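In case you want the letters, here they are:
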Amino acid sequence: MHARAPNYDSCDDINSCRTLQNIVWGCFTTIFACTWVSVHPNVPPPRQGWLALVWRRLNLMSIAIVAPELMVGLAARQLVFAWRCSREFEISLTHGFFVCMGGFVSPDRHPVVTKEQLRRMDYLDAVKEVPVETIVGKSKGDSISKSAALVQGLWFIAQCAARVAQRLPVTQLEVCSLAFAVVNIVIWLLWWGKPLDVPGHDTIIIGAEREAPKVRRADHIHSGLRDRATALLAGIYENYDPSSSNAVPLFWSISAEDNSVDNTTLISLVIECIVGAIFGAIHCAAWNSDFPSAEERWMWCICALLVGAIPVLVLILIVVLLRGNDLVCRIITAVLFLVLWSLYIISRFCLLVLPLTALRALPPGALVDVDWNLYTPHLW
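Small disclaimer: the values here were computed from a predicted structure and weren't measured. (Residues numbered from 1 in each chain as written. Predicted model: local features only at pLDDT ≥ 70, side-chain atom pairs only at ≥ 80, totals over all residues. Heavy atoms only, no water.)

Structural notes on the overall build of the protein chain
Stated formally: A helix here means a DSSP run of H or I that spans at least four residues, while a strand means a run of E at least two residues long, and both kinds are numbered starting from the N terminus. Relative accessible area decides the class of each residue, using a 1.4 Å probe on protein chains only: under 20% of the type maximum gives buried, over 50% gives exposed, and in between gives partly exposed. Contact between two residues is taken to exist if any of their heavy atoms lie within 4.5 Å; hydrogens are not considered. A 1.4 Å probe and the Shrake-Rupley method give the accessible areas. Residues count as covered only by the protein chains that appear here.
Helix and strand content of the protein chain: 14 helices and two strands. When the 380 residues of the protein chain are sorted by exposure, 50% land in the buried category. Summarising the internal contacts of the protein chain: among those between residues at least 6 apart in sequence, 78% fall at separations of at least 24. In the form shown here, the protein chain has an accessible surface area of approximately 19,100 Å², with 65% of it arising from carbon and sulfur atoms.

So, in structure tokens, the structure goes:
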């Protein structure tokens, strides 16, 4: 007896078909799980309300959706800083992450986040006395919860790979979700040892009591466009002083002095650009997919190429900007940087909208589900 062929138009056969709702729900669940769990915020200021904390988290999520490679850069900088602290001061990687995220504070509630501060023996000795288990206990996410989100991303990747292997169409929304899953797996791995969602009132006090300088809010120490761009791209706040703040800024990763010695930003930029190129290359995988119109196909191809190429071009411009002392060269480089950044934002917006508009005209094969029986042994 031959199996009845599935009806692709109505998708009545639940054993071999899926619905549009299944596609959308699976993709949105993967994107939300990836971005929500992968984002590891720094310790917020104390006594912040739940609404401010949610808004802080949504700011990070918006960056992770619009420009996920920026989150890769932040995670890479913090990992490099934590690793170098663990080597230089003979502490664990978890201790290094906790320093970087503002988890250790002085008795007057100022963050201890720079190597200059750690070189003070009273601070360093106090940090070494804190067990790793104490820091891990302050995290709102453990290895099990992180692994669950990681499995969700890997399962989605496996589904897309199986569809390609069985020559089934992969929708543009699935390609977009696949790119998010791959990038966020990198973010998870970079931030694996960083505690998750440590509240501002759960910091660890170290060091001896000293006269407290005037405290100002950490989130408002940068005002100009240049300062905000430097903070977002390099994680460096040139005007930030830990001794006069009650928390680290949102994208804090390393001080300007520590970065000039360790070149942490340059290392993280290389990682960031490689992942950004991979992110764009995954979108290029839908190059020959079925689009509702030729115009949408061309928009997708152009935007995917720009998203993959612009991070590499930005890295080249930054290297030129660091090496060149000529004023004209700096001005031209800055203008090109703004143009590329604008093109990137437009391209990312298009790659977020086009997968949704393409859902109005899916090819029939897109509703065919993966036949997992092809990968299981038949014993009888």
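Next comes the rest of the write-up.
Digging into the nonpolar core
Spelled out, the test is: By nonpolar core is meant a set of buried Ala, Val, Leu, Ile, Met, Phe, Trp, Tyr and Cys residues that side-chain atoms within 4.5 Å join together.
Among the nonpolar cores identified, the biggest contains 62 residues, and Met71, Ile187, Trp191, Phe251 and Trp300 are the most heavily contacted of them. Excluding residues that lie within four positions of it along the chain, Met71 makes contacts with Val39, Leu60, Ile63, Ala64, Ile187 and Trp191. Core analysis: the next-biggest nonpolar cluster, separate from the first, contains 24 residues, Cys100, Leu118, Leu124 and Val127 among them.

Focus: unusual backbone geometry
Leaving glycine aside, a negative phi is the common case for residues, and trans is the common case for peptide bonds. Within the chain, Arg109 stands out as a residue other than glycine whose phi angle is a positive 65 degrees. Phi is positive for Asp197, close to 55 degrees, though the residue is something other than glycine. Examined against the element boundaries, Asp197 turns out to sit in the loop between helix H9 (172–190) and strand S2 (204–205). Among the residues examined, Asp197 registers a relative accessible area of 27% and is labelled partly exposed.

What about a nonpolar patch on the surface?
This is how it is decided: Patch criteria: residues need more than 30% relative accessible area and no salt bridge. Like-charged residues are merged within 9 Å; nonpolar side chains of Val, Leu, Ile, Met, Phe, Trp and Tyr are merged within 5 Å. Here a salt bridge means any side-chain nitrogen of Lys or Arg lying within 4 Å of a carboxyl oxygen belonging to Asp or Glu.
Judged by side-chain polarity, Phe32, Trp36, Trp50, Leu51, Val54, Trp55 and Leu58 come together as a nonpolar surface patch covering roughly 820 Å² of accessible area. Within the residue set of the nonpolar patch, elements represented by two or more residues are helix H1 (20–38) and helix H2 (50–66). Broken down by element, the nonpolar patch gets its largest block of residues, five residues, from H2. Summarising the element assignment, Phe32 is placed in helix H1. For Phe32, a relative accessible area of 49% puts it in the partly exposed group.

Description of the packing of aromatic side chains
For clarity, the threshold we go by: In summary, the pairing rule links any two rings of Phe, Tyr or Trp, Trp by its six-membered ring, whose centres are within 6.5 Å, and it sorts them by plane angle into stacked for under 30 degrees, edge-to-face for over 60 and tilted for everything else.
In total, this model carries five aromatic pairs according to the counting rule given. When the centroid spacing of 5.0 Å and the interplanar angle of 90 degrees are considered together, the rings of Phe98 and Phe104 count as edge-to-face. With respect to burial, Phe98 and Phe104 carry one shared label: buried.

Description of H9
Convention followed: Working rule for helices: expected span equals 1.5 Å times residues minus one.
With 19 residues, H9 extends 28 Å from end C-alpha to end C-alpha; this agrees with the ideal 27 Å at 1.5 Å per step. Among the 19 residues that make up H9, 16 are buried, leaving the element largely enclosed by the rest of the structure.

Regarding the packing of H9 against helix H12 (residues 264–284)
We apply this condition: Lines fitted to C-alpha atoms define the axes here, with helix axes fitted over just the stretch in contact, and angles between the N-to-C directions of these axes take values from 0 to 180 degrees. Should an angle fall under 35 degrees it is taken as roughly parallel, and over 145 as roughly antiparallel, whereas 65 to 115 is taken as roughly perpendicular and any remaining angle as oblique. Two helices crossing with the near one rotated counterclockwise from the far one by less than a right angle form a left-handed crossing, whereas a clockwise rotation gives a right-handed crossing. Charged means Asp, Glu, Lys or Arg here, nonpolar means Ala, Val, Leu, Ile, Met, Phe, Trp, Tyr, Cys or Pro, and polar covers whatever is left, Gly included.
Running from N to C, H9 and H12 cross one another at 160 degrees; their axes reach a closest spacing of 8 Å. Taken as axis vectors, H9 and H12 run roughly antiparallel relative to one another. The handedness of the crossing between H9 and H12 is right-handed. Of the residues in H12, those touching H9 at Val175, Cys176, Leu178, Ala179, Phe180, Val182, Val183 and Val186 are Val275, Ile278, Phe279, Ile282 and His283. Class assignment of the residues belonging to the contact of H9 with H12 gives a composition of twelve nonpolar, one polar and no charged.

Description of the state of the cysteines
Stated formally: Disulfide assignment relies on a single distance test, namely cysteine sulfur atoms paired within 2.5 Å.
This structure, assessed with the given rule, holds zero disulfides. Of all cysteine sulfurs, the one in Cys100 lies closest to Cys85, which takes part in no disulfide; the gap is 7.8 Å. For Cys85, a relative accessible area of 0% gives the class buried. For Cys284, which is in no disulfide, the shortest distance to another cysteine sulfur is to Cys301 and amounts to 7.5 Å.

Some words on the UniProt feature "transmembrane region" (unreviewed entry) in the protein chain
So the rule is basically this: UniProt positions are given in the numbering used here, feature names are shortened, and annotations may be inferred rather than shown by experiment.
Residues annotated in UniProt with the feature "transmembrane region" (unreviewed entry) correspond here to residues 20–39, 59–80, 173–192, 266–286, 298–322 and 334–354. A distance of 24 Å separates the end C-alpha atoms of residues 59–80, which is 95% helix and 0% strand. Secondary structure within residues 266–286 divides into 90% helix and 0% strand; the distance between the first and last C-alpha atoms comes to 32 Å.

Re the pattern of salt bridges
Scanning the entire structure with this criterion turns up seven salt bridges. One salt bridge in this structure joins Glu174 and Arg18, with 2.7 Å as the shortest N-O distance. With Glu174 in helix H9 and Arg18 in the segment before H1, this pair connects stretches of sequence that are 156 residues apart. Across the pair Arg119 and Glu88 runs a salt bridge whose closest N-O atoms are separated by 3.0 Å. Taken together, the positions of Arg119 in the loop between helix H5 (115–118) and helix H6 (121–129) and Glu88 in helix H3 (residues 68–89) put the pair 31 residues apart, joining distant regions of the chain. Residue classification places Arg119 among the partly exposed positions, given a relative accessible area of 48%. Residue classification places Glu88 among the partly exposed positions, given a relative accessible area of 37%.

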